[in-house]
Amino acid sequence: MSPLNGPTKPHPNAHFFDLPPLPMDSEGIAQDFRRYYAHTFGRDHDAQAIYYSYKALSITLRDRLMERWKRTRQSYDEAGCKRTYYLSLEFLMGRALSNAMLNLGINSAVEQGLYGMGLALEEIAGNEPDAGLGNGGLGRLAACFLDSCATLQLPVRGYGLRYEYGMFRQLIEGGEQLEEPDHWLRDGNPWELERPEFTQRIPFGGRTETSVDRRGRKTVRWVDTHDVLAVPYDIPVPGYRNETVNTLRLWKSAATDEFDLGEFNAGSYPESVAQKNEAEHITMVLYPNDANECGKELRLRQQFFLASASIKDVLRDWIRLNGNDFSRFAEHNCFQLNDTHPAVSVAELMRQLMDDHDLEWDTAWPIVRQTMAYTNHTLLPEALERWSVRLFRQLLPRILEIIFEINARFLAEVATRWPGDTDRQRRMSLIEEGYDPQVRMAYLAIVGSFSVNGVAALHSELLIEGLFRDFHDIWPKKFNNKTNGVTQRRWLAMCNPGLRELLDETIGTEWVRDLSQLQQLAPSAEDADFRARWHAIKQDNKRRLAEHVAQICRVDFPLDAVFDVQVKRIHEYKRQLLNVLHVIHLYNRIKRGDTRDWTARCVLIGGKAAPGYVMAKQIIKLINNVARAINNDPETAGLLRVAFVPDYRVSLMEVIAPGTDLSEQISTAGKEASGTGNMKFMMNGAVTIGTLDGANIEIRDQVGEENFFLFGMTAAGVESRRHHYDPNGIIAGDPALLEVMSLLESGHFNQFEGGIFDQIILAIRNPHDPWMTAADFRSYIDVQEQAAAAYLDRDRWLRMSILNSARSGHFSSDRTIAEYNQDIWHLDAVPPKA
Ligand SMILES: *Cc1c(COP(=O)(O)O)cnc(C)c1O
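Reading the values: the criteria
- Residues numbered from 1 in each chain as written.
- Predicted model: local features only at pLDDT ≥ 70, side-chain atom pairs only at ≥ 80, totals over all residues.
- Heavy atoms only, no water.
- UniProt positions renumbered as here; feature names shortened; annotations may be inferred.
- Helix = DSSP H or I, 4+ residues; strand = E, 2+ residues; numbered from the N terminus.
- Buried < 20%, exposed > 50% of the residue type's maximum accessible area, 1.4 Å probe, protein only.
- Areas by Shrake-Rupley, 256 points an atom, 1.4 Å probe, with all protein chains shown as cover.
- Lys, Arg positive; Asp, Glu negative; His and termini not counted.
- Charge placed at Lys NZ, Arg CZ, Asp CG, Glu CD.
- Near = heavy atom within 4 Å.
- Polar contact = N/O pair within 3.5 Å; in protein donor to acceptor, adjacent residues only side chain to side chain.
- Nonpolar A, V, L, I, M, F, W, Y, C, P; charged D, E, K, R; others polar.
- Contact = heavy atoms within 4.5 Å.
- Pairing = 2+ DSSP bridges.
- Axes fitted to C-alpha atoms, helices over the stretch in contact; angles between N-to-C directions.
- Parallel < 35°, antiparallel > 145°, perpendicular 65-115°, else oblique.
- Left-handed = near helix turned anticlockwise from the far one by under 90°.
- Salt bridge = Lys/Arg side-chain N within 4 Å of Asp/Glu carboxyl O.

An unreviewed UniProt entry annotates the chain as Alpha-1,4 glucan phosphorylase originating from Thiocystis violascens. If you open the UniProt record of the chain and go to Sequence similarities (unreviewed entry), you find "Belongs to the glycogen phosphorylase family." According to the UniProt record, the Cofactor (unreviewed entry) comment for the chain reads "pyridoxal 5'-phosphate".

This is how it looks when you write it as structure tokens:
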């Protein structure tokens, strides 16, 4: 027995823990910092590593969060309020230190205190590793949502996994991506608080046993399981200057103490100790696939581990506060599922209610269905999760039984509604029949939820017209849209201090809490002095970005050029290839001397490819080879620069977004569910060049068509063209594209690497190219030329830039979360008691 779950509980004096509030002034902060630095970490003035300054400062801040954290928890408990749990396999949090300072409102106090000791805040903050527990947009959305929930004082807790290794670090060598493990916890994580007293036990494997109890009721027991411990680590999530601190609870897997020693492997001690590994492996590493299912057993283990531990945690809390009566559980609790990754929660909540808490099916099922809500993030068929029934039976036999039962009852409902329509039953079944039958996780999530939402207007429409049409026919009211947003605290106030100051001075400070206030900026677009200040700030931010690019990529970005940026995961649907084709086209123009009225341009591309995604990796190689050829050609001097920035991540985006002029959002229409990078750029005054896809459509609606560079086919246009798409005809008929393809095909960019781009060339020329890159080339380069011309007219461009920022209020995640709350969660805001 560990000392942490010993039998007795201490009963100290109730006021023993009532401490006086910690000082929030520079003096008091500096004092704590010194004490931690010298006494806790034992360093002195000539310590070599600045890392200890980072640690001392973060603990100084954490203490201040801790006071507020406790009060927030107590207030929620005392209010007996309804709560929401945001279940996500990914939380892409980035750095915590600057965010904690901003939200505690002690930015300048800290800066002053450190300055007094001869320390630079920026340098210290730069030592924090990113918490990269996510792939891209989906994980970053979860992080923005937590920030907004805390700022709106909503009782929402995030549940996720504490991966030992986060998103891999990307190195570029010889133009190719190399992956390096991200051991982000190596030097400890000052922001987490281990809570071993709330450890849970999670079953895997084994078999089920059915029996009839004394009352004649059928009961099922899941037996002979191999259990794994789930140990929670809590991370504080501060609201913006409002005394609220919410919780992100991350589970780490650990072997049980008795782990099969003796009983299982009496003769082979080392083997049985080695089995502990299997338990500890569950939360070892984040799967680096973005918008792609992977079908690996370990991934299903991760999903169930998260679902089971989180639900147990919630039920334990419920019983602590309400006893064993679940009749009001659904009124007080809601689980929001971030994509299908945690969808097994539907069956796991049923299991715990029935098997652990003795509820009947007919009592438990309505509770599940009134508690679960599901957010869909993609229409791409390759991203739709399906798990083999065989794997499920082996790993989660009891869960599979429950899924079968849910399906049988659901299909009976379908049969009643559409008698004899067996094709519909087959289409809607949670089980896809075939040689290797599969569980359709999205269908499980829909059937088990009271709300299903898409993440932008177009995406939500396409969902009910296509993928989920049959389900929309039965339950039209379940389906709704919640257009994504991003938090302006991190993505404007924190990462763009120059602009923050100008905004505060011009429209006051309320925009940090209410981004719609930015619309007051619009009249200033007509003020020449204001435009000049706006320009100066943008140039400062471009300088900061150019310094990074110079240092990391060894490429020189002149500040008078338009900074044209595409950073996001590398994926064919996002069409980084189309961007490269445009770059090659510009290069051709330079080579043929077609440079009249030229706008100097710096093209920056960044993003990680999934390690197994061959095509995406070849695209990275192409970008790098094209960049090298162009940057090394003296004729391009002052006209065109291209760089691929390695290891795109949250902390890098904090430098990139403020320094961008032109934001590339060029996905094939109908494929990007929403996008959120587009919103970060817009807030920071970048103008978008984009297709009518995802939230681009709403961005254009807000900013006005005259302030947005639109090109390309519509989603409907893409689909209707598929049958007669002829890329080779398009290439032959467009001299510019023909010239681009000829240069690419001549091997100009791979002179000593014969054939390495053949697959890319074939993809562009393939009549079945799902992304139809060639189809949008002409309108893309035409609109790029319009953007370039607009940039030369500085006043015009500055007006567009200001208006983009001024009209970005809709894309705050505060607005998104307010909508989730109004339509789905129905939570009351609960401010902590003084
Ligand atoms: C915002 C963000 C994303 C999402 O970008 P999209 O352009 O919407 O795909 C991905 N990664 C990081 C690090 C981000 O900050």
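Now that the structure is up, let's keep going.
Asker: Can you help me understand the overall build of the chain in this one?
Answerer: On a plain count of helices and strands, the chain comes out with 32 helices and 25 strands. Overall, the C-alpha framework of the chain stretches about 90 × 75 × 60 Å when taken along its three principal axes. In the chain, which comprises 834 residues, the proportion classed as buried is 59%. Counting every atom, the chain has about 33200 Å² of accessible surface; 50% of that belongs to carbon and sulfur. Here the chain holds 93 positive side-chain charges and 113 negative ones, and the gap between their average locations is 2 Å.

Asker: How do you make sense of the site of the ligand when you look at a structure like this?
Answerer: Taken together, Gly136, Gly137, Trp491, Lys568, Lys574, Tyr648, Arg649, Val650, Gly675, Thr676, Gly677 and Lys680 make up all the residues around the ligand. Measuring from an oxygen atom of the ligand, one finds a side-chain N or O atom of lysine 568 at 2.7 Å. In the environment of the ligand, an oxygen atom lies 2.8 Å from a nitrogen or oxygen atom belonging to the side chain of lysine 574. Isolated, the ligand exposes 390 Å² of accessible area, and the fraction of that covered by the protein chains is 96%. Here the residues of the shell around the ligand are counted per class, giving three nonpolar, five polar and four charged.

Asker: How should the UniProt feature "modified residue: N6-(pyridoxal phosphate)lysine" (unreviewed entry) in the chain be read in this particular structure?
Answerer: What UniProt calls "modified residue: N6-(pyridoxal phosphate)lysine" (unreviewed entry) maps, in this numbering, to Lys680. Inspection of the secondary structure assignment puts lysine 680 in helix H24 (residues 677-683). With near-sequence residues (within four places) excluded, lysine 680 lies in contact with Arg140, Val486, Trp491, Met653 and Ala657.

Asker: Quick question: what am I supposed to make of the pairing of strand E4 (residues 156-161) here?
Answerer: Each regular strand displays side chains that alternate between the two surfaces of the sheet. Among the six residues in E4, six count as buried, and that is most of the element. Inspection of the sheet shows E4 paired to strand E12 (residues 245-255) by four bridges, in the parallel sense. Directly across from glycine 158, in E12, lies its bridge partner leucine 248.

Asker: Could you clarify how one ought to interpret the packing of helix H1 (residues 26-40) against helix H4 (residues 107-116) in this entry?
Answerer: A pair of packed helices is captured by two measures, namely the crossing angle of their axes and the spacing between those axes. Between H1 and H4, the shortest axis-to-axis distance is 8 Å and the interhelical angle comes to 60 degrees. Between H1 and H4, the interaxial angle falls into the category oblique. Where H1 crosses over H4, the handedness of that crossing is right-handed. Where H1 approaches H4, its residues Ser26, Ile29, Ala30 and Phe33 are matched on the opposing element by Ala109, Val110, Gln112, Gly113 and Leu114. The class makeup of the residues in the contact of H1 with H4 is six nonpolar, three polar and no charged.

Asker: Please explain the pattern of salt bridges as it appears in this structure.
Answerer: Any two side chains of opposite charge can pair, given that their charged atoms come close. According to the stated counting rule, one finds 76 salt bridges in the structure shown. The salt bridge involving aspartate 182 is made with arginine 169; its shortest N-O contact spans 3.7 Å. In this pair, aspartate 182 sits in strand E6 (residues 176-182) while arginine 169 sits in strand E5 (residues 166-173), placing the two residues 13 residues apart along the sequence. For aspartate 182, a relative accessible area of 8% gives the class buried. Lysine 591 serves as the salt-bridge partner of aspartate 633, at 2.6 Å between the closest nitrogen and oxygen. Of the two residues, aspartate 633 is situated in the loop between helix H22 (614-631) and strand E22 (640-645) and lysine 591 in helix H21 (residues 576-591); the sequence distance between them amounts to 42 residues. For aspartate 633, a relative accessible area of 9% gives the class buried. Residue lysine 591 is classed as partly exposed on the basis of its relative accessible area of 38%.

Asker: Before we go on, may I ask you to explain the sheet that holds strand E17 (residues 438-440) in this structure?
Answerer: Hydrogen bonds between backbone groups are what pair the strands of a sheet, and the pairing can be parallel or antiparallel. A sheet is described by the order of its strands in space; here three strands give the open sequence E15-E17-E16, paired in antiparallel fashion. In the strand order of this sheet, the two ends are held by strand E15 (386-388) and strand E16 (431-432), each with one partner. Pairing of E15 with E17 involves three bridges; the strand directions are antiparallel. The residue of E17 that forms the bridge with serine 388 is glutamine 438.

Asker: Could you clarify how one ought to interpret the side chain of arginine 301 in this entry?
Answerer: If you trace the backbone, arginine 301 turns up in helix H8 (residues 297-322). Non-local contacts of arginine 301, meaning those with residues more than four positions away in its chain, are made with Phe204, Glu278, Ile282 and Leu395.

Asker: Just to check I follow, could you spell out H4 for this structure?
Answerer: Because the α-helix completes a turn every 3.6 residues, residues three or four places apart line up on one side. Asn107, Ala109, Val110, Gly113 and Leu114 are the residues of H4 that are buried. In the stretch just after H4, glycine 118 is the one whose phi turns positive, near 80 degrees.

Asker: Sorry if this is basic, but what is going on with the packing of helix H28 (residues 735-745) against helix H29 (residues 758-765) here?
Answerer: At their nearest, the axes of H28 and H29 sit 10 Å apart, and the two run at 155 degrees to each other. Viewed along their axes, H28 and H29 adopt a mutual orientation that is roughly antiparallel. Like other packed secondary-structure pairs, H28 and H29 cross with a definite hand, here left-handed. Facing Met741, Leu744 and Glu745 of H28, the residues of H29 in contact are Ile761, Ile764 and Arg765. Of the residues assigned to the contact of H28 with H29, the class counts are four nonpolar, no polar and two charged.

Asker: Explanation requested: the side chain of glutamine 539 in the structure shown.
Answerer: On the secondary structure map, glutamine 539 appears in helix H20 (residues 528-553). The exposure class assigned to glutamine 539 is buried, which follows from its relative accessible area of 14%. With residues near it in sequence (within four places) discarded, glutamine 539 still touches Leu559 and Tyr791.

Asker: Help me understand the sheet that holds E22, please; the structure alone is not making it clear to me.
Answerer: Across the sheet, six strands lie side by side as E22-E21-E20-E23-E24-E25; this open sheet has parallel pairing. Each edge of the sheet is formed by a strand with only one pairing partner; in this case those strands are E22 and strand E25 (709-710). The pairing of strand E24 (residues 687-690) with E25 spans two bridges and is parallel. Bridge pairing in E25 places glycine 690 opposite leucine 710. Packing against the sheet, H22 makes contact with strand E21 (601-606) and E22, and its axis sits at approximately 145 degrees to E22.

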